[in-house]
Amino acid sequence: MEELYRIYAGVLGLLIGSFLNVVIHRLPRNTDMVVSRSACPKCSAPIPWWLNIPLVSWIYLRGKCKNCSAPISWRYPAVELAMGLIMFLAFPQLLSPELLFRWIFISAISGALICHFFIDLEHKILPDSINIYLLCLILPYEIMFNSPMHWLAGGAFGFLGPLAVSWGFYKWKGKVGLGGGDIKLWGVLGVYLGPFGIMENIFFSCFLGSIVGIILILAKRYDREGGIPFGPFIIVVSFVQLFNPGLLSSLGINIF
Ligand SMILES: [Zn+2]
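All right, on to the overall build of the chain then. Of the regular secondary structure elements, the chain holds 8 helices and 0 strands. Listed N to C, the secondary structure of the chain is α-α-α-α-α-α-α-α in terms of helices and strands. What you see for the chain is a C-alpha radius of gyration of 20 Å, in line with the 18 Å of a compact globule of 256 residues. Overall, the C-alpha framework of the chain stretches about 55 × 50 × 35 Å when taken along its three principal axes.

A few words now on the domain arrangement of the chain. Often, the extent of an interface is quoted as the loss of accessible area upon association of its parts. Domain annotation for the chain reports domain 1 (1-96) and domain 2 (124-256). With centres defined by C-alpha atoms, the gap from domain 1 to domain 2 works out at 27 Å. With 4 residues of domain 1 at the interface, the matching set in domain 2 holds 6 residues. The largest per-residue losses of area from domain 1 upon contact with domain 2 belong to Leu27, Pro28 and Ile86, which jointly make up 85% of the total buried on that side.

Put simply, helix H7 (residues 180-218) and helix H8 (residues 231-243) touch, their axes get as near as 7 Å, and they point 120° apart. Taken together, the axis directions place H7 and H8 in an arrangement best described as oblique. Crossing angle aside, the handedness with which H7 passes H8 is right-handed. Per-class residue counts for the contact of H7 with H8 are 14 nonpolar, 7 polar and 2 charged.

Distances from the zinc ion to its protein donors, Cys40 (SG), Cys43 (SG), Cys65 (SG) and Cys68 (SG), fall at 2.3 to 2.4 Å. Here the zinc ion binds 4 donor atoms, and the angle range of 103 to 118° at the metal identifies the geometry as tetrahedral. In primary-sequence terms, the residues that donate to the zinc ion follow C-x2-C-x21-C-x2-C. Of this pair, cysteine 43 sits in the loop between helix H1 (2-26) and helix H2 (56-60) while cysteine 65 sits in the loop between H2 and helix H3 (75-89), and the two are 22 residues apart along the sequence.

Quick notes on the rules
Residues numbered from 1 in each chain as written. Predicted model: local features only at pLDDT ≥ 70, side-chain atom pairs only at ≥ 80, totals over all residues. Heavy atoms only, no water. Helix = DSSP H or I, 4+ residues; strand = E, 2+ residues; numbered from the N terminus. Rg over C-alpha atoms; globule rule 2.2 N^0.38 Å. Domains from an automatic or database assignment. Contact = heavy atoms within 4.5 Å. Buried area = accessible area lost by both parts, 1.4 Å probe. Axes fitted to C-alpha atoms, helices over the stretch in contact; angles between N-to-C directions. Parallel < 35°, antiparallel > 145°, perpendicular 65-115°, else oblique. Left-handed = near helix turned anticlockwise from the far one by under 90°. Nonpolar A, V, L, I, M, F, W, Y, C, P; charged D, E, K, R; others polar. Donors = N, O, S within 2.8 Å, 3.2 Å for Na, K, Ca; no water. Tetrahedral: all angles 85-135°; square planar, octahedral: opposite > 155°, others 65-115°.

Here is the structure:
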């Protein structure tokens, strides 16, 4: 019976993923989220519900608009699949109110982080509205279940640490190194991860970012003007911390 619920949970995740795609497309463009109907961004042909089924429709259409054959980004099925998998895998083994509540909480955070990831990748911004949404989820949860030493110190460290480094860099080089969105995201994640968790995140996301940056420079694909969006690295590391809390510290790099 639990396995059946788990499959429902995965299907629910696919549907929520479909909604996240709407957020990812419309939030940075300031179009309304709910009222306007789905349409092809290229030819504006309306998309009927039977061509808007998560995952299935994209595969059926082979990633092309039925009307104008414009390619439909791989992002659509990827977001649906990611959200479906997260809600499927995170579904609790035992059905207790506490574990179900935790599952909803983790799913709600994951959805917001997926939006952040793809919006930053395309537009190089981490919208304030998503950071505020995350804070509204995380802060009450942490106040209920954790000590101020965890959430207050984590949030303060995650926000003020990178802010100080960024300010120092600005004084030294006269240009902005880190985006304000990155700093705010670290602050919000710090409330959840606590001071040690957020230090771990800052360390590993900078490490990951440097590796990818070097690879892009070697491949001559590094954008020297705009740089690379940093949010995706923070988010990848935070997903590892969210779902496998002990993994990073067990890598043998016991930095703290
Ligand atoms: Zn079209």
